[in-house]
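Structural overview
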Amino acid sequence: MANMNLVQLTHPLVKTYITKIRDKNTSYFEFRQYVDKLSTLLAYEAAKELELKPKKIKTPLASVKGYELKNEVVLMPILRAGLGLMNGFNHIFPEARISHLGVYRNEETLKPVKYYFKFPKLTDKKNAIVFILDPMLATGGSMSYAIDELKKAGIKKIVVASLVSAPEGVKEIRRKHKDVKIFTCALDTHLDDRGYIVPGLGDAGDRLFGTL
Ligand code: PRP
Ligand code: URA
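What comes next is a walk through the structure. On a predicted model such as this, the values are computed, not experimentally measured, just so you know.

Describing the environment of Ala204
- Considering the arrangement of structural elements, one finds Ala204 in helix H6 (residues 204-209).
- Along the sequence, Ala204 and Gly82 sit 122 residues apart, while their C-alpha atoms lie 9.0 Å from each other.
- Apart from the residues within four sequence positions on either side, Ala204 is in contact with Phe31, Ala81, Pro135 and Met136.

Spelled out as structure tokens, the structure:
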């Protein structure tokens, strides 16, 4: 799928870990471990979106021009399944603020239903970058809703981090939010008639938390 706003990870470890979490015989605790590893690799790749500003420092020997991050970083997992990506992202961005968005998909209409949203007060909103964390980008309804909420809150730079995406979801984000870049570990073929990603991995929240 030709899309300037989509980055699909090609690292060999990503391919093997994705295979592990797709496998229906992988237990919920192994699933959680591999999602954790994937989230670190995904965070590292998505961190390429950060901007730098110059910073002069002194080593014990001389002055040197270095860098610091220009952006205040916010991580926003979409509850519940987005919590699975938190450890890896927090490992890469230890100073990030954390916002939570509670949204679930109505099983019949497939439309997002919001039940919680908490966003931090930022000192420099103009330079903030928000990484939205959700393992599954299916119809794109939940993600698009999350982006709308952030834009209403005045956020300009938004990055989507997903493990498995459907072409339908990617198109939906491209249609509504051209300015938002998506990082994903896998781009699958289609959605089934219940809105599940095929081949996908099933219900991410249930597999992650052992609530099947
Ligand atoms: C899953 C997933 C996404 C959403 C994707 O959440 O984690 O948030 O579905 O589907 P969409 O792109 O069609 O909106 P779910 O609604 O199952 O909630 P849960 O994480 O609480 O289980
Ligand atoms: N949500 C999931 O957890 N899995 C899918 O395949 C689609 C939406």
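Looking at the pattern of salt bridges
- This structure, assessed with the given rule, holds 13 salt bridges.
- Across the salt bridge formed by Glu49 and Lys157, the nearest N and O atoms sit 3.4 Å from each other. In this pair, Glu49 sits in the loop between helix H2 (28-46) and strand S2 (52-58) while Lys157 sits in strand S10 (residues 157-165), placing the two residues 108 residues apart along the sequence.
- In this structure, Glu172 engages Arg175 in a salt bridge whose closest nitrogen and oxygen atoms are separated by 3.2 Å. With a gap of three residues between them, Glu172 and Arg175 both fall in helix H5 (residues 167-176), about one helical turn apart.
- On the accessibility criterion, Glu172 (18% relative accessible area) is buried.
- Residues joined in a network through salt bridges with shared partners are Glu49, Lys157 and Lys181.

Observations regarding the environment of Lys56
- Inspection of the secondary structure assignment puts Lys56 in strand S2.
- Along the backbone, Lys56 and Asn106 are 50 residues apart, and their C-alpha atoms lie at a distance of 52 Å.

Here we look at the site of ligand 1
- What surrounds ligand 1 is a group of 13 residues, the closest being Arg105, Asp134, Thr139, Gly140 and Ser142.
- Here Arg80 contributes a side-chain N or O atom positioned 3.0 Å from an oxygen atom of ligand 1.
- Contact distances for ligand 1 include 3.1 Å between an oxygen atom and a backbone N or O atom of Ala81.
- When the free accessible area of ligand 1 is taken as 510 Å², the share hidden by the protein chains comes to 90%.
- Taken atom by atom, the bulk of ligand 1 overlaps the largest pocket.
- Of all the elements in the fold, those that place two or more residues in the shell around ligand 1 are strand S6 (100-105), strand S9 (136-137) and helix H4 (141-152).
- A breakdown of the residues in the shell around ligand 1 according to their chemical character gives six nonpolar, four polar and three charged.

Some remarks on the layout of surface pockets
- Reported here for the largest pocket is a volume of approximately 710 Å³.
- Lining the largest pocket are 27 residues, and of these Tyr104, Arg105, Ser142, Tyr196 and Asp203 lie nearest its centre.
- Within the residue set of the lining of the largest pocket, elements represented by two or more residues are strand S4 (72-79), S6, S9, H4 and H6.
- Of the residues assigned to the lining of the largest pocket, the class counts are 14 nonpolar, seven polar and six charged.
- Reported here for the second largest pocket is a volume of approximately 260 Å³.
- Every residue lining the second largest pocket is listed: Leu50, Leu69, Asn71, Glu72, Val73, Ile92, Phe93, Pro94, Glu95, Ala96 and Arg97.
- For the lining of the second largest pocket, a count of residues per class yields seven nonpolar, one polar and three charged.

Remarks on the site of ligand 2
- Neighbouring ligand 2 are the residues Arg105, Met136, Ala138, Gly195, Tyr196, Ile197, Gly202, Asp203 and Ala204.
- Ile197 places a polar main-chain atom, nitrogen or oxygen, 2.8 Å from an oxygen atom of ligand 2.
- Cavity membership is defined here by more than half of the atoms lying within 2 Å of grid points; on that basis ligand 2 lies in the largest pocket.
- Split into classes, the residues belonging to the shell around ligand 2 amount to five nonpolar, two polar and two charged.

Cut-offs applied
- Residues numbered from 1 in each chain as written.
- Chains lettered and ligands numbered in written order.
- Predicted model: local features only at pLDDT ≥ 70, side-chain atom pairs only at ≥ 80, totals over all residues.
- Heavy atoms only, no water.
- Helix = DSSP H or I, 4+ residues; strand = E, 2+ residues; numbered from the N terminus.
- Contact = heavy atoms within 4.5 Å.
- Salt bridge = Lys/Arg side-chain N within 4 Å of Asp/Glu carboxyl O.
- Buried < 20%, exposed > 50% of the residue type's maximum accessible area, 1.4 Å probe, protein only.
- Near = heavy atom within 4 Å.
- Polar contact = N/O pair within 3.5 Å; in protein donor to acceptor, adjacent residues only side chain to side chain.
- Areas by Shrake-Rupley, 256 points an atom, 1.4 Å probe, with all protein chains shown as cover.
- 1 Å grid on protein atoms, 1.4 Å probe; cavity = no way out; pocket = protein on both sides within 12 Å on 5 of 7 lines; lining within 4 Å.
- Sits in = over half its atoms within 2 Å of the grid points.
- Nonpolar A, V, L, I, M, F, W, Y, C, P; charged D, E, K, R; others polar.
- Points joined across faces, edges and corners; volume = space filled by probe spheres on them.

What is shown is where atoms sit, not what they do.
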